[in-house]
Amino acid sequence: MMPRVRAPELPQNSTWFNTDTPLSIKQLKGRVIILDFWTYCCINCLHILPELKYLEQKYKDSLTVIGVHSAKFDNEKETENIRQAILRYDIEHPVVVDSGFQVWQEYTVRAWPTLMIIDPQGYVIGYVSGEGHRDALDELLEKLISEHQEKGTINFQELSLNLEKQRQPLITPLAFPSKVLATSAGLFIADSGHHRLVMSSLEGEIIHIIGTGKSGLTDGNFSEAEFSSPQGMAFDADNQILYVADTENHALRRIDLQRQVVETIAGTGEQSRNIRPDGGAGLSTKLNSPWDLVKVGNTLFITMAGPHQIWEMNLETGVIKTYAGTGAEGCVDGLLTESAFAQPSGITSNGEELYIADSEISSIRGVGIVEPRLVRTVCGSGDLFGFGDVDGQGENVRLQHCLGVEYADNFLWVADTYNHKIKLVSPSTGNCQTILGDGAMGLQDGQGKNSRFFEPSGLSVMGSKLYIADTNNHAIRCVDLSSFEVTTLQFQSLCAPDVCVPSNF
């Protein structure tokens, strides 16, 4: 802990969310304040949200958490995009948009996430960076509140807030769909905002809704199973099995379509805090934000976004372990054991190499699964701040927080998420070209670059069609690859879990 210093005042002329009026340190005198410096792309920032929610609920009459959104990527500076992130991650505390890093600099912050603790008299008494500090903060808050209660300097009163989710409820049929998978059995959609999976025909006719729509970790039949922000999927057509990266449960799930049963096959439901995890038996190994999956033979390869690694699971033995990446965040090519990734979020394969959407370095990586098993950078700068929107070749290419990648016909389709575009990459030459989207965020059908998307994050090819999870538009888009005509898929009889109860399909 550091010596007490007077907390700099918060900006009153900035955009605020989850509150009708800007908050000030002076106004909150008598309460403990935690300032959470975050940016919505950052996996570590997302990991501490449940920790903050726990503390907010435990000390709701004496603690105020304020998110200070200091954007990394250009796209994250847009206030509407920050609002969507608040809705997507169910953030229930006030958030101030820290334009130009004003608050960041006044509090001399150096890393995301950083939590700044302010006592009831308006003094900064300490800070922590990174994640995993819940218990230490809990202990500190209890002590701080007790001390100020004795001094008579605490104000016990629950703060009344006007939440974005009350103004803009998630009542769309799909909510922040993160990934889509087109298969011979139909279309699978990770309906992340509704914590469920939707299965439809390729034309949009609903076949199954898998999950109650409530966040939880429950196995069982389709109507009782629970997920928490599920994302990537892989399908075993021979056995009619869907594998799911159940991201916020830190688990892998197995969905048997014939038996209509959901089972957990890896993860304990708790996030791994191990910096250099070794792996082991699936059900006894803690995972850390599995984001996407691809099945090659009897092996499931997983982008483990939390520890910046690629993992593998042997589906016969149930053993899960690290495949590539030291756990350091960065871009290191070469041997599997020496390589480094930065929040890998999308994965696909041609059977000889894995292709990774490495989001925090805005690059596409190749990972060998046959000898010599080396890691390479296909395109992108490989730098944590080397992002932009530049087509071209290899290291001259600039993407912005790409989240999805799909191999088809010797090319890679890439969801260049924060550029609101779909691009085509040659894995052999590293050439990258924009095919869909004009770069403005929106929902617009049309041909090629005359179309618009809003943070698309997943894609899948089936025959002559490309399906796109257009995340912030709460939509699935369908592209005719012969004409590049983009249309929005309509799902008859699909509705949000809290809006209506679907029939049994």
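These numbers come from a predicted model, not from an experiment. (Residues numbered from 1 in each chain as written. Predicted model: local features only at pLDDT ≥ 70, side-chain atom pairs only at ≥ 80, totals over all residues. Heavy atoms only, no water.)

S.K.: Teacher, can you tell me more about the pattern of salt bridges here?
M.R.: Two side chains with opposite charge may pair up if their charged atoms get near one another. Taken as a whole and assessed by the stated rule, the structure comprises 34 salt bridges. A salt bridge links Asp90 to Lys53; the nearest nitrogen and oxygen atoms lie 3.2 Å apart. Of the two residues, Asp90 sits in the loop between α2 (79-88) and β5 (95-97) while Lys53 sits in helix α1 (residues 43-58), which places them 37 residues apart along the sequence. Given a relative accessible area of 21%, Lys53 falls into the partly exposed group. A salt bridge links Asp389 to Lys421; the nearest nitrogen and oxygen atoms lie 2.8 Å apart. (Salt bridge = Lys/Arg side-chain N within 4 Å of Asp/Glu carboxyl O. Helix = DSSP H or I, 4+ residues; strand = E, 2+ residues; numbered from the N terminus. Buried < 20%, exposed > 50% of the residue type's maximum accessible area, 1.4 Å probe, protein only.)

S.K.: Looking at this structure, I do not really get the sheet that holds strand β24 (residues 353-358). What am I missing?
M.R.: Across a sheet, paired strands are connected by hydrogen bonds in the backbone, their directions being either parallel or antiparallel. Overall, antiparallel pairing links the five strands, which are arranged β22-β26-β25-β24-β23 in an open sheet. Of all the strands in the sheet, the pair left with one neighbour each is β22 (334-335) and β23 (344-349). As paired elements, β23 and β24 share five bridges and run antiparallel to each other. Residue Pro344 lies in a different strand from β24, and its bridge partner there is Asp358. (Pairing = 2+ DSSP bridges.)

S.K.: Any chance you could explain the sheet that holds strand β6 (residues 114-118) here in plain terms?
M.R.: With respect to topology, seven strands assemble into an open sheet ordered β1-β7-β6-β3-β4-β5-β2, the strand pairing being mixed. Of all strands in the sheet, those with a lone pairing partner are β1 (5-6) and β2 (16-17), marking the two edges. Helix-sheet contacts for α1 involve β3 (32-38), β4 (63-69) and β6, and the interaxial angle to β3 is about 165°. (Contact = heavy atoms within 4.5 Å. Axes fitted to C-alpha atoms, helices over the stretch in contact; angles between N-to-C directions.)

S.K.: Is there a simple way to think about unusual backbone geometry in this case?
M.R.: Trans is the common state for peptide bonds, and a negative phi is the common state for residues other than glycine. Cis rather than trans, the peptide bond between Trp112 and Pro113 has omega equal to -20°. Mapped onto the secondary structure, Pro113 falls in the loop between α3 (102-106) and β6. Omega for the bond connecting Glu371 with Pro372 falls within 30 degrees of zero, at 10°, which places this linkage in the cis form. Tracing the backbone shows Pro372 in the loop between β25 (363-368) and β26 (374-379).

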